[in-house]
Amino acid sequence: MSSNIQQFSLEQMQGQIRYDEAGLVPAIIQDATTRKVLMMAYMNEESLKRSIETGETWFWSRSRQELWNKGATSGNTQRIVSASYDCDGDTLLFLVHPKGPACHTGEETCFYRGIAVPGQGLSAGTDAADEGRHRFAVLEELEQVIAEREKERPEGAYTTYLFDKGVDKILKKVGEETAETIIAAKNKDNDELRLEVSDLIYHLLVLLQERKLPLDDIMAELDRRHERPRRD
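Residues numbered from 1 in each chain as written. Predicted model: local features only at pLDDT ≥ 70, side-chain atom pairs only at ≥ 80, totals over all residues. Heavy atoms only, no water.

Where an unreviewed UniProt entry is consulted, the protein chain appears under the name Histidine biosynthesis bifunctional protein HisIE, with the organism given as Paenibacillus rhizosphaerae.

This is the structure in structure tokens:
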């Protein structure tokens, strides 16, 4: 089955959303970089329209009976990267770049309290032999770790050092690792090349995080290029 997401206009999308008897539909908000689920809130037709038109999340407050723009007061806004809905049309999914924590408690995500699952450790639901793990899963994991390092800035971490020094230092390291990759290739030393390419990829991911350019955007660009007619 194809995994390509079908694209619809706002008008087409509105016509396929199944609002409940109160005119609401649940909206799941997910960090586009770390893939953490940040929160769940409700939207009505107007808040969905405003979200799409403004590029920021708007919801309907059931307690206050009014529209509210996430972060309008706190500054913790959410810039929308993509919007989709499920097969039944009764749940929305937004990928966002959050500016600050999503939860009113100050936590990064509203889902910060876990439920112990018997027989599972901290990695519950993520078995080491997970059938869903693919060849490049490590890139996704590394991207998430780098994003968390930027937010948390743990003392003594090399990634923290790079973000503290800024984009010029990161670019310098990308340049150095590129040069060392070229040298390793010229030397025909695959062991050295493996190490240098790994260093280069890591620093490129740090650069993408610094620029807030998701790896998904790079993969999408590669996918678009792959779909273009070949000229050779």
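(A) Broad picture of the overall build of the protein chain. In terms of helices and strands, the protein chain carries seven helices and six strands. Considering the protein chain as a whole, with its 232 residues, one finds that 30% of them fall into the buried category. Contacts in the protein chain between residues far apart in sequence, at least 24 positions, make up 50% of those at least 6 positions apart. Surface accessibility of the protein chain: about 15,700 Å² in total, with carbon and sulfur atoms responsible for 52%. (Helix = DSSP H or I, 4+ residues; strand = E, 2+ residues; numbered from the N terminus. Buried < 20%, exposed > 50% of the residue type's maximum accessible area, 1.4 Å probe, protein only. Contact = heavy atoms within 4.5 Å. Areas by Shrake-Rupley, 256 points an atom, 1.4 Å probe, with all protein chains shown as cover.)

(B) Structural detail: the confidence of the model for the protein chain. Residues with a pLDDT of 70 or more make up 87% of the protein chain, whose mean pLDDT is 86. Overall, residues 122–133 carries pLDDT values under 50, and its contacts beyond four positions in sequence, including any with other chains, amount to four contacts. (pLDDT = per-residue confidence, 0-100.)

(C) Local environment of the layout of surface pockets. In this model, the second largest pocket occupies a volume close to 440 Å³. In terms of lining, the second largest pocket is formed by 21 residues, of which the most central are Met39, Trp68, Lys70, Ala102 and His104. Its residues assigned to classes, the lining of the second largest pocket comprises eleven nonpolar, seven polar and three charged. (1 Å grid on protein atoms, 1.4 Å probe; cavity = no way out; pocket = protein on both sides within 12 Å on 5 of 7 lines; lining within 4 Å. Points joined across faces, edges and corners; volume = space filled by probe spheres on them. Nonpolar A, V, L, I, M, F, W, Y, C, P; charged D, E, K, R; others polar.)

(D) Structural view of the nonpolar core. In terms of nonpolar packing, the biggest core is built from 16 residues, with Ile29, Met43, Leu92 and Phe94 touching the most fellow members. Those elements that place two or more of their residues in this core are strand 1 (25–31), strand 2 (37–43) and strand 6 (92–98). Per element, the largest residue contribution to this core is four residues, and it comes from strand 2. Setting aside residues no more than four positions away along its own chain, Met43 makes contact with Tyr19, Gly23, Leu24, Val25, Ala27, Leu48, Ser51, Trp58, Phe59, Trp60, Leu92 and Phe94. Counting residues in hydrophobic clusters, the runner-up holds twelve residues, among them Phe163, Val174, Leu200 and Leu205. (Core = buried A, V, L, I, M, F, W, Y, C linked by side-chain atoms within 4.5 Å.)

(E) Representation of empty space enclosed by the protein within the structure. A full pass over the atoms with the stated rule returns one cavity of 30 Å³ or more. Here the largest cavity is characterised by a volume of approximately 70 Å³. Lining the largest cavity are Thr33, His97, Glu143, Ile146, Leu205, Leu208, Gln209, Lys212, Leu213, Pro214 and Leu215. Elements with a minimum of two residues in the lining of the largest cavity: helix 3 (137–152) and helix 6 (190–210). By residue number, the principal contributor to the lining of the largest cavity is helix 6, which donates three residues.

(F) Layout of helix 4 (residues 158–165). Those residues of helix 4 lying buried are Thr159, Thr160, Leu162 and Phe163. Summarising the axial view, the buried residues of helix 4 lie within an arc of 160 degrees, below the 170-degree limit, and thus occupy one face. Of the residues in helix 4, the exposed ones pointing more than 90 degrees away from the buried face are Asp164 and Lys165. As for helix 4, its buried residues are in contact with helix 3, helix 5 (167–186) and helix 6. (Arc of directions from axis to C-beta.)

(G) Inspection of the environment of Ala83 at higher detail. The residue Ala83 is located in strand 5 (residues 78–85) in this model. Taking the C-alpha atoms as reference points, Ala83 and Ser51, 32 residues apart in sequence, are found 9.4 Å from one another. Setting aside residues up to four positions removed in sequence, Ala83 forms contacts with Met13, Ile52, Leu93 and Phe94.

(H) How the structure looks around a nonpolar patch on the surface. Together, Leu213, Ile218, Met219 and Leu222 make up an exposed nonpolar region whose accessible area comes to about 320 Å². Position of Met219 relative to the elements: it lies in helix 7 (residues 215–227). (Patch = residues over 30% accessible without salt bridge, like charges linked within 9 Å, V, L, I, M, F, W, Y side chains within 5 Å. Salt bridge = Lys/Arg side-chain N within 4 Å of Asp/Glu carboxyl O.)

(I) View of the packing of helix 4 against helix 5. The contact between helix 4 and helix 5 brings their axes to 5 Å, and the two run at 120 degrees. The orientation of helix 4 relative to helix 5 falls into the category oblique. Residues Tyr158, Tyr161, Leu162, Phe163 and Lys165 of helix 4 lie in contact with helix 5, whose contacting residues are Val167, Lys169, Ile170 and Lys173. For the contact of helix 4 with helix 5, the residue count by class is six nonpolar, no polar and three charged. (Axes fitted to C-alpha atoms, helices over the stretch in contact; angles between N-to-C directions. Parallel < 35°, antiparallel > 145°, perpendicular 65-115°, else oblique.)

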